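This is what each chain is made of:
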Amino acid sequence: GWSNKEIADRLGVGVRTGEADRGTATTGVFEHVDTERAWNLDGAVRFWRCFGTAEYFRMTDERKNPTAAPKVHSAGWHGQFGIMAVPEHLEIAVRYAIITPDQDVQDSRVTERRLVATYFLSGNAVKLLVDGGRITYERDFDGLPSIAKRNMPSLGTRLRGATVYQDDQYRLQAQLVF
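Let us look at the structure shown here. (Residues numbered from 1 in each chain as written. Predicted model: local features only at pLDDT ≥ 70, side-chain atom pairs only at ≥ 80, totals over all residues. Heavy atoms only, no water.)

Let's talk about the side chain of Thr 100
Moving on, step 1. Mapped onto the elements of the fold, Thr 100 is located in strand S5 (residues 90-100).
Moving on, step 2. If near-sequence neighbours (up to four positions away) are discounted, Thr 100 is found in contact with His 73, Ser 74, Ala 75 and Arg 109. (Helix = DSSP H or I, 4+ residues; strand = E, 2+ residues; numbered from the N terminus. Contact = heavy atoms within 4.5 Å.)

And the structure:
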């Protein structure tokens, strides 16, 4: 449960290296795929009915198969602050994040602004999550190499030319842990 007297905090560090997931780096390449190195720092704090989380990451992709190409260096961060509006049942939060998929391509950042609500029916075992917000893609996002856009939302033909594109997204999720 929640306590007005306790401060709970956490700090984490992550490091990974090796080949990118097969089939995700270059279409059709499954052997000797591109090498990926990344690290991140993250933290969380909770006091009273308030909480905050933050993370910073950096990643380098070495493109070598099917042909060698310059490395792609990416970075990003997120911050989230929330409050348990109804103790043990309703949590409301705001989230802000920036990702630079390729630091060598100017004006290609992705920015995320979201409002998040979580309703706990039975602790973390049964909950409903809803969030909504705006994702902004800077004008040169479309010109990024495909490896820099990997695992990013597909925009199809909506992003054309040198324009800023904004996408409003809303999600509803249910979680059941047993």
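Additional details are given in the paragraphs that follow.
Thoughts on the environment of Gly 52
Moving on, step 1. By secondary structure assignment, the location of Gly 52 is in strand S3 (residues 50-63).
Moving on, step 2. Along the sequence, Gly 52 and Val 94 sit 42 residues apart, while their C-alpha atoms lie 9.6 Å from each other.
Moving on, step 3. If near-sequence neighbours (up to four positions away) are discounted, Gly 52 is found in contact with Gly 43, Ala 44, Val 45, Gln 80 and Phe 81.

Re the pairing of strand S6 (residues 110-122)
Moving on, step 1. Alignment of S5 against S6, held across ten bridges, turns out to be antiparallel. By the bridge assignment, Glu 91 is partnered in S6 with Thr 118.
Moving on, step 2. One ladder, built from twelve bridges, connects S6 with strand S7 (residues 126-137); its direction is antiparallel. When the bridges of S7 are listed, Leu 115 appears paired with Gly 132. (Pairing = 2+ DSSP bridges.)

Some details on the nonpolar core
The nonpolar side chains of soluble globular proteins are, as a tendency, buried together.
Moving on, step 1. Within the largest apolar cluster, ten residues are counted, these being Val 72, Val 110, Ile 135, Tyr 137, Phe 141, Leu 144, Ile 147, Ala 148, Met 152 and Tyr 165.
Moving on, step 2. The set of elements that each furnish at least two residues to this core consists of S7 and helix H1 (146-149).
Moving on, step 3. Dropping the residues within four chain positions of it, Val 110 is found in contact with Ala 97, Ile 98, Ile 99, Pro 101, Ile 135, Thr 136, Tyr 137, Phe 141 and Met 152. (Core = buried A, V, L, I, M, F, W, Y, C linked by side-chain atoms within 4.5 Å. Buried < 20%, exposed > 50% of the residue type's maximum accessible area, 1.4 Å probe, protein only.)

Structural notes on the environment of Glu 138
Moving on, step 1. Relative to the helices and strands, Glu 138 resides in the loop between S7 and H1.
Moving on, step 2. Note on Glu 138: relative accessible area 19%, which makes it buried.
Moving on, step 3. The spatial distance from the C-alpha of Glu 138 to the C-alpha of Val 110 is 6.5 Å, given a sequence separation of 28 residues.

A word on the packing of aromatic side chains
Moving on, step 1. A full pass over the atoms with the stated rule returns four aromatic pairs.
Moving on, step 2. Each ring, one from Tyr 137 and one from Tyr 165, has its centre 6.3 Å from the other, and the planes form 35°; the classification is tilted. Taken as a pair, Tyr 137 in strand S7 and Tyr 165 in strand S8 (residues 165-176) lie far apart in primary sequence, 28 residues in all.
Moving on, step 3. By relative accessible area, which is 18% here, Tyr 165 ends up buried.
Moving on, step 4. Each residue in the set Tyr 137, Phe 141 and Tyr 165 is aromatic and connected to the rest through ring pairs, giving one cluster. (Phe/Tyr/Trp six-rings, centres within 6.5 Å; stacked < 30°, edge-to-face > 60°.)

Describing the pattern of salt bridges
One side chain can pair with another of opposite charge once the charged atoms of both are near each other.
Moving on, step 1. This structure, assessed with the given rule, holds ten salt bridges.
Moving on, step 2. Asp 42 is the partner of Arg 10 in a salt bridge, and the nearest nitrogen-oxygen pair spans 2.4 Å. In this pair, Arg 10 is assigned in strand S1 (residues 7-19) and Asp 42 in strand S2 (residues 35-47), connecting sequence segments 32 residues apart.
Moving on, step 3. Classification of Arg 10 as partly exposed rests on a relative accessible area of 49%.
Moving on, step 4. On the basis of relative accessible area, Asp 42 is assigned to the buried category, the value being 18%. (Salt bridge = Lys/Arg side-chain N within 4 Å of Asp/Glu carboxyl O.)

A closer look at the sheet that holds S6
Moving on, step 1. Read from one edge to the other, the open sheet built from eight strands follows the order S1-S2-S3-S4-S5-S6-S7-S8, with strand pairing classed as antiparallel. The open sheet has two edge strands with one neighbour each: S1 and S8. On average, each strand axis in the sheet is inclined to that of its neighbour by 10°, with strand direction left out of account.
Moving on, step 2. Note: S1 against S2, 13 bridges, orientation antiparallel. Note on S2: the bridge partner recorded for Leu 11 is Gly 43. (Axes fitted to C-alpha atoms, helices over the stretch in contact; angles between N-to-C directions.)

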